[in-house]
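Residues per chain are reported as follows:
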Amino acid sequence: MQKTYIKDLSNHVGEEVSLKGWIFNKRSSGKIKFIILRDGTGLLQCVYFKGNISEEVFNLADRLGQESSIEVKGKVKGEPRAVGGYELDASDLKVIGEAHDYPITPKEHGVEFLMDNRHLWLRSSKQIAIMRIRHRIVKAIRDFFDDRGFTLMDPPILTPAACEGTSTLFETEYFDLGKAYLTQSGQLYAEAGAMALGKVYTFGPTFRAEKSKTRRHLTEFWMVEPEVAFADLNDDMDLAEEFLECIVQTILKEKQEELIALERDTTKLANVKRPLPRISYDEAVEILKRNGIDFQWGNDLGGTDETVISNQFDKPVMVHRYPAEVKAFYMKRDPNNDKLALAVDVLAPEGYGEIIGGSQREDNLEVLQARIKEQNLPQQAFEWYLDLRRYGSVPHAGFGLGLERTVGWICGLEHLRETIPFARMIYRNTP
RNA sequence: UCCGCGAUAGCUCAAUGGUGGAGCAUCCGGCUGUUAACCGGAGGGUUGCAAGUUCGAGUCUUGCUCGCGGAGCCA
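Chains are numbered independently. Their residues run from 1 in the order of the written sequence. The naming scheme follows written order: chains are lettered A onward, ligands numbered 1 onward. In keeping with the predicted nature of the model, local features appear solely for residues at pLDDT of at least 70, side-chain atom pairs appear and are counted solely at 80 or more, and the whole-chain, interface and lining totals rest on all residues. Only hydrogens and water are set aside when side-chain values are computed; all heavy atoms of the structure are taken into account.

*Asks:* Now, about the sheet that holds strand 10 (residues 179-182): what can you tell me, with residues and values included?
*Replies:* Any two strands are treated as partners once DSSP identifies two or more bridges connecting them. Labels follow the DSSP assignment, with helices taken as runs of H or I lasting at least four residues and strands as runs of E lasting at least two, numbered in each case from the N terminus. Spatially, 3 strands are ordered 8-10-9 in an open sheet, and the strand pairing comes out antiparallel. Of all the strands in the sheet, the pair left with one neighbour each is strand 8 (158-159) and strand 9 (171-173). Both strand 8 and strand 10 contribute to a ladder of 2 bridges, which runs antiparallel. Across the sheet, residue Leu-158 finds its bridge partner in strand 10, namely Leu-182.

Structure below.
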């Protein structure tokens, strides 16, 4: 008898097959029982008629609770009434692992309860769809850079000092060398990589100990950071828009089934094609003022400001040339206006906020040393970084894309906690 | 850190200051095409904790604990 998976049933119509999985739901009507089997690839209705199988097997189904693991055997047939369009005319049922009182019932639950049971919640249809889309986005990201001659270069996760100086970091004791910190960005190391390999990207977890309590924040999240030698801000924006187009169009093309399961309205995602609108910070401030927001030039854009700006466009918008004061020390100043940094943020539509932050980097040794001094950063810790400017400095640029915000936007989710298998937030580090 | 909101059965929620209920889940019974199946029955409670007001508190007051949303910070 052929062993198979639910997703492959179309190749087995009329055949006897066996499948293994978990009981997703069941219904009974006296002499007929329906077991909905879940095997990780889909759902399948298995039908047990009292006359067709032994009394023992027929009664077994009564005992088995939701999420019991089982093996079923039977004949595959097309059945428009059943979920997935196929049905199993079942002839056998074997128990692998019994389950009783599974906490997540096929009814509504609160988010807190579901997050306490995250290890089980992952079995639900929507969560499975999200994880599949996350996986495909990761693959699209890696393919995008790999296909364009980038080399993946993993930065350290334990670092001796703050990358950007401002954020609060997780701290740990590192043997006799004093304190070490969990990285908040691989960027500085990516710059070293770009000087070695030309085009590199880092892709890994990053950590922020900020006490953020919003739907847009996690303490542990994944970031992909390309860095390119001999590139300026325009090259950086060109790369970012091609990158976003590639990710979104790939998901639209290959993950329709999952997007439907999530009830995602994809009309706005379909708009994500080059060119993306590019506006300066000055223009962004104008937009805010036109919308009646009392915004002071020189401040960073807040969450609501970002939403107002992105609502003016039907695709992601790039905002460039921010006031240097609100941006990191390593960003290069605009040669035409010393108050501006050659930075770019990409704001996702539909209120999903900043998904990309990038810049051209300061490549002049003396200027960079002055910035480090201005911001009271420990210069000793940055000597290696300054070496990149001492030995063959070149213009270079890069950006960071937050994976979870991208997943949340593409999936149309309310909260970032569903975009990662086990979210780490200020008041949650379990399960 | 600041502002706002919340905590009642395993879960989701009701209950004018006056005998704490319903749906789902669980258990028992019924039904040969169910789609979060349905119908009948049963069990299930220190109303987050502590004090106060009151003849009487799930409900009003105060404090505490825990959580949620937002601000700041950022991807």
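Having seen it, we continue.
*Asks:* Explain the domain arrangement of chain A to me, and be specific about the residues and the numbers.
*Replies:* With domains assigned, chain A is organised as domain 1 (2-97) and domain 2 (118-418). Domain delimitation in this document rests on an assignment produced automatically or drawn from a domain database. Of note, the centres of domain 1 and domain 2, computed from C-alpha atoms alone, are 46 Å apart. With 7 residues of domain 1 at the contact, the number on the domain 2 side is 4 residues. Counting each side, the surface lost to burial between domain 1 and domain 2 is near 390 Å², with a carbon and sulfur contribution of 40%. Any Lys or Arg side-chain nitrogen found within 4 Å of a carboxyl oxygen on Asp or Glu counts as a salt bridge. In this structure, the connection of domain 1 to domain 2 is made through 1 salt bridge. Notably, a salt bridge pairs Glu-67 with Arg-123, separated by 2.9 Å at the nearest N-O pair. Identification of polar contacts relies on pairs of N or O atoms within 3.5 Å, with a donor-acceptor requirement for protein atoms, meaning one able to donate a hydrogen and the other able to accept it, and with residues adjacent in sequence counted only if both atoms are side-chain atoms. Taken together, the links from domain 1 to domain 2 amount to 2 residue pairs in polar contact (both at pLDDT 80 or more). For the side of domain 1 that touches domain 2, a count of residues per class yields 3 nonpolar, 2 polar and 2 charged. We call two residues contacting when some pair of their heavy atoms lies within 4.5 Å. Two parts placed together each lose some accessible area under a 1.4 Å probe, and the buried area is that loss summed for both. Gly is put with the polar residues, along with every residue not named as nonpolar or charged; the nonpolar set is Ala, Val, Leu, Ile, Met, Phe, Trp, Tyr, Cys and Pro, and the charged set is Asp, Glu, Lys and Arg.

*Asks:* Quick one: what's the story with the pairing of strand 5 (residues 69-78), residue by residue and with numbers?
*Replies:* As paired elements, strand 2 (residues 16-28) and strand 5 share 7 bridges and run antiparallel to each other. Directly across from Ser-18, in strand 5, lies its bridge partner Lys-73. In terms of strand pairing, strand 5 meets strand 6 (residues 86-97) through 10 bridges, oriented antiparallel. Considered in strand 6, the bridge of Glu-71 is made with Lys-94.

*Asks:* Tell me what's going on with the protein's contact with RNA strand B, and back it up with residues and numbers.
*Replies:* Working definition: residue near molecule or strand if any one of its non-hydrogen atoms lies within 4 Å of it. With respect to spatial proximity, 45 residues lie near RNA strand B, and among them Asn-25, Glu-87, Pro-106, Arg-215 and Arg-405 are the closest. Each atom of RNA strand B within 4 Å of the protein was classed as base or backbone; sugar and phosphate made up 49%. A distance of 3.4 Å is found between a phosphate oxygen of RNA strand B and a backbone nitrogen or oxygen belonging to Lys-31. At a separation of 2.2 Å, a sugar or linking oxygen of RNA strand B approaches a polar side-chain atom of Arg-405. Elements supplying a minimum of two residues to the surface near RNA strand B: strand 2, strand 3 (32-38), strand 4 (43-49), helix 2 (111-116), strand 12 (220-229) and strand 17 (353-360). Its residues placed into classes, the surface near RNA strand B shows 12 nonpolar, 13 polar and 20 charged.

*Asks:* I'd love a proper account of the side chain of His-320, names of residues and values included.
*Replies:* Position of His-320 relative to the elements: it lies in strand 14 (residues 317-323). The buried category is assigned to His-320, whose relative accessible area is 11%. At a separation of 3.1 Å, a polar atom in the side chain of His-320 contacts the side chain of Arg-321. Look past the residues within four positions of His-320 in its chain and what remains in contact with it is Leu-233, Met-237, Arg-278, Ile-279, Ser-280, Tyr-281, Ala-343 and Val-344. Note on classification: 1.4 Å probe, protein chains only; a residue is buried when its accessible area is under 20% of the maximum for its type, exposed when over 50%, partly exposed between these limits.

*Asks:* Break down the packing of helix 4 (residues 125-147) against helix 13 (residues 403-411) for me, with residues and values.
*Replies:* The packing of two helices is summarised by the inter-axis angle and the distance between the axes. To obtain an axis, a line is fitted to C-alpha atoms, over the contacting stretch when the element is a helix, and the angle between two such axes runs from 0 to 180 degrees between their N-to-C directions. Here helix 4 crosses helix 13 at 120°, and the two axes come no closer than 10 Å. As summarised for this structure, helix 4 and helix 13 are arranged oblique, according to the angle between their axes. Crossing geometry of helix 4 relative to helix 13 is assigned as right-handed. In this structure, helix 4 uses Ile-130, Ile-133, Arg-134, Ile-137, Val-138 and Ile-141 to contact helix 13, whose residues at the interface are Leu-403, Glu-404, Val-407, Ile-410 and Cys-411. Orientation is classified from the angle alone, with under 35 degrees giving roughly parallel, over 145 giving roughly antiparallel, 65 to 115 giving roughly perpendicular, and any other angle giving oblique. In this scheme, a crossing is called left-handed if the near helix is turned counterclockwise away from the far one by less than a right angle; it is called right-handed if the turn is clockwise.

*Asks:* Lay out the environment of Tyr-5 with the relevant residues and their values.
*Replies:* Along the chain, Tyr-5 falls in the loop between strand 1 (2-3) and strand 2. With a relative accessible area of 49%, Tyr-5 lands in the partly exposed category. Here the alpha-carbon distance between Tyr-5 and Ala-324, two residues 319 residues apart in the chain, equals 56 Å. Once residues lying within four places of it in the same chain are set aside, the contact partners of Tyr-5 are Leu-19, Asp-39 and Thr-41.

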